[in-house]
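# Coordinate inspection notes
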Amino acid sequence: MVVSTTVLNENNIRNQLGGIIMKRLWVLLSIGIVMGTISTELYAQFTSLENKEIFTSGIGQDIIDVIKKSPKESRIEIRGFTERSERIIKAEEIVFEPRATLELSNLSESAVIIVAKKLIFQNGKELHKIQRVHKDPKKGSPVSKGSPGTSYDPHTCQDGHEGRNGEPGGDGVKGADMKKAAALPTYYLIAGEFVELVESPESFPTIFIEVPGLKGDEGGDGGDGGDGGNGEKGYTGVSYLIGCAKGPGNGGNGGPGGNGGPGGNGGDGGDGAGIVLGGPPEFLKRARAFRINNIGGEPGEKGMGGQVGRPGERGRRGCPRGNCNGGHDGRPGNNSGRVPGRDGEPGKESGKPGEITLIQLQKEQIDAFFK
């Protein structure tokens, strides 16, 4: 993260802006030190929860029921990089080691839920991360190369046939739209208590939640044009004992290659995941400082156009025999006027940011999940 020189001149800022502003700058500087991989551009995409409305209801009965029925663990420790694939992650205590990352790999459910009586951070002054699993966009299905032009076998009755034209390559397949093909789950983080063994200021984020929309799939490449057919060999000369009945035939011309097929268009980006943060007022007070990235996914890349097929080879003149000479080779296929396929277009739309909801729950309501 880039920090301006005004941040470094701490005494001047204290005198001009006071201790409150310095406290905010310390938070920003800490984020840059702890998560140097977060760019300034990405930081600008974080959603602020400072003025988010808090609701007193909104968790559906179906979610409540599935939480109650799911098995619980006494303690879950998030160390370094920890991956979990369950739909429900439920424990009396969920403990984050400093700078630990929890990756949620289940993308097939409509909701992924983390529930803890106590959400514990061994060092609240470090930044921790909850993220969805990364998923690379797919490329549109490949298409076949155009069919080759017919190539003829030698014969003995006439001039060689010209090789046939190669067929055009197939059209590239459009990349899948992530809005339709892969909607992300809604992610719930519910906690009865927010505990820091080493405390941080209330304005320090402590958790970075990263669940952006999926990038649209890449358009498939267009098929290459089919190769031109080879020209036919001319017939063999026919001779008599004395004299020549028929001279060797001319070779056939090669056929031109086929045009390349157009590339497929990229798919649209998917919407960012919805996030629900639930707990008592003390938890929600700290949750307002969380940093969240649930922006929409980017459009997919374009597919590339296919290449022109190779021209066919010339047919050779027929073989001389006895006193019979003559005939000439055909010409190689001519690709003049043949064109590669045009590239596709990138996806048209990025996904929309996901919704973020804060819901106030009484500690007794959360305790009831564990009975």
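Quick caveat, the model's predicted, so the values are computed rather than measured.

Counting its regular elements, the protein chain contains eight helices and 14 strands. Out of the 371 residues in the protein chain, the part that is buried amounts to 46%. Element-wise, carbon and sulfur atoms account for 48% of the exposed surface of the protein chain, whose accessible area totals about 18900 Å².

Our next topic: the packing of aromatic side chains. If you walk through the whole model with that rule in mind, you get five aromatic pairs. Where F121 meets F194, the ring centres are 5.2 Å apart and the plane angle is 40°; that geometry is what we call tilted. Residue F121 is found in strand β6 (residues 111-121), and its partner F194 is found in strand β8 (residues 186-196); the two are separated by 73 residues along the sequence. Accessibility assignment for this pair places F121 and F194 in one class, buried. Within the aromatic cluster, the residues linked to one another by ring pairs are F96, F121, F194, F283 and F290. Taking the ring centre of F370 as reference, the NZ or CZ of K90 above it sits at 5.5 Å.

Next up on the list: the sheet that holds strand β4 (residues 88-96). Strand order in the open sheet formed by seven strands is β1-β14-β12-β8-β6-β4-β2, with parallel pairing between adjacent strands. The open sheet has two free edges, formed respectively by β1 (54-55) and β2 (73-78), since each of these has just one partner strand. Sheet analysis places β2 next to β4, joined by five bridges and oriented parallel. Bridge pairing in β4 places R75 opposite E93. Relative to the sheet, helix α5 (residues 61-69) contacts β4, β6 and β8, its axis offset from that of β6 by approximately 60°.

On to the sheet that holds strand β9 (residues 207-210), then. What the five strands build is an open sheet, ordered β3-β5-β7-β9-β13; its pairing is parallel. Two strands bound the open sheet, and with one partner strand each, they are β3 (81-84) and β13 (291-293). Across this sheet, the average inter-strand angle for adjacent strands is 15°, counted without regard to direction. Bridge count for strand β7 (residues 128-132) against β9 is four bridges, and the pairing is parallel. From the neighbouring strand, H128 faces β9, where its bridge partner is I207.

Mapped onto the fold, F370 is located in the segment after α8 (363-368). The spatial distance from the C-alpha of F370 to the C-alpha of E92 is 7.9 Å, given a sequence separation of 278 residues. Ignoring sequence-local partners within four residues, the contact set of F370 consists of K72, K90, A91, E92, V115, A116 and K117.

The subject of this paragraph is the side chain of R84. The topology assignment puts R84 in strand β3. At 2.7 Å, the side chain of R84 forms a polar contact with the side chain of E73. In this structure, R84 is in contact with E73, I76, I89, L102, E103, L104, S105 and N106, ignoring residues within four places of it in sequence.

Taken as a whole, the protein chain shows an average pLDDT of 83; of its residues, 84% reach a score of 70 or greater. Across residues 1-44 the pLDDT falls below 50, and counting only partners more than four positions away or on other chains, this stretch makes 44 contacts in the model.

Phi is positive for R99, which is not a glycine, with a value near 65°. If you trace the backbone, R99 turns up in the loop between β4 and β5 (101-104). For T206, which is not a glycine, the phi torsion comes out positive at approximately 65°. Along the chain, the position of T206 falls in the loop between β8 and β9. According to the relative accessible area criterion, T206 is buried, its value standing at 0%.

Calculation notes
- Along each chain, residue indices are assigned from 1 in the same order as the chain's sequence is written.
- In keeping with the model being predicted, local features are shown solely for residues with a pLDDT of at least 70 and side-chain atom pairs are shown and tallied solely at 80 or more, while totals for entire chains, interfaces and linings include all residues.
- Hydrogens and water molecules were not included; the side-chain quantities draw on all heavy atoms of the structure.
- Helical segments are the DSSP runs of H or I of at least four residues, strand segments are the runs of E of at least two, and each set is numbered from the N terminus.
- Note on exposure labels: buried denotes an accessible area under 20% of the residue type's maximum, exposed denotes more than 50%, and partly exposed covers the range between, all computed with a 1.4 Å probe on protein chains only.
- Per-residue and other accessible areas were derived by the Shrake-Rupley procedure at a 1.4 Å probe size, with only the shown protein chains allowed to occlude residues.
- In this analysis, rings of Phe, Tyr and Trp, with Trp reduced to its six-membered ring, are considered paired at centre separations within 6.5 Å, and the interplanar angle assigns stacked below 30 degrees, edge-to-face beyond 60, and tilted for intermediate values.
- In our convention, an over-ring charge means Lys NZ or Arg CZ found within 6 Å of a ring centre and within 35 degrees of that ring's normal.
- A pair of strands is treated as paired once DSSP finds two or more bridges between them.
- In what follows, a contact means two residues having at least one pair of non-hydrogen atoms within 4.5 Å.
- Fitted lines through C-alpha atoms serve as axes, helices being fitted only where they are in contact, and the angles separating the N-to-C directions of these axes extend from 0 to 180 degrees.
- Here a polar contact means two N or O atoms within 3.5 Å. Within protein one must be a hydrogen donor candidate and the other an acceptor candidate, and residues neighboring in sequence count only if both atoms are side-chain atoms.
- Confidence scores labelled pLDDT are given residue by residue by the predictor and lie between 0 and 100.

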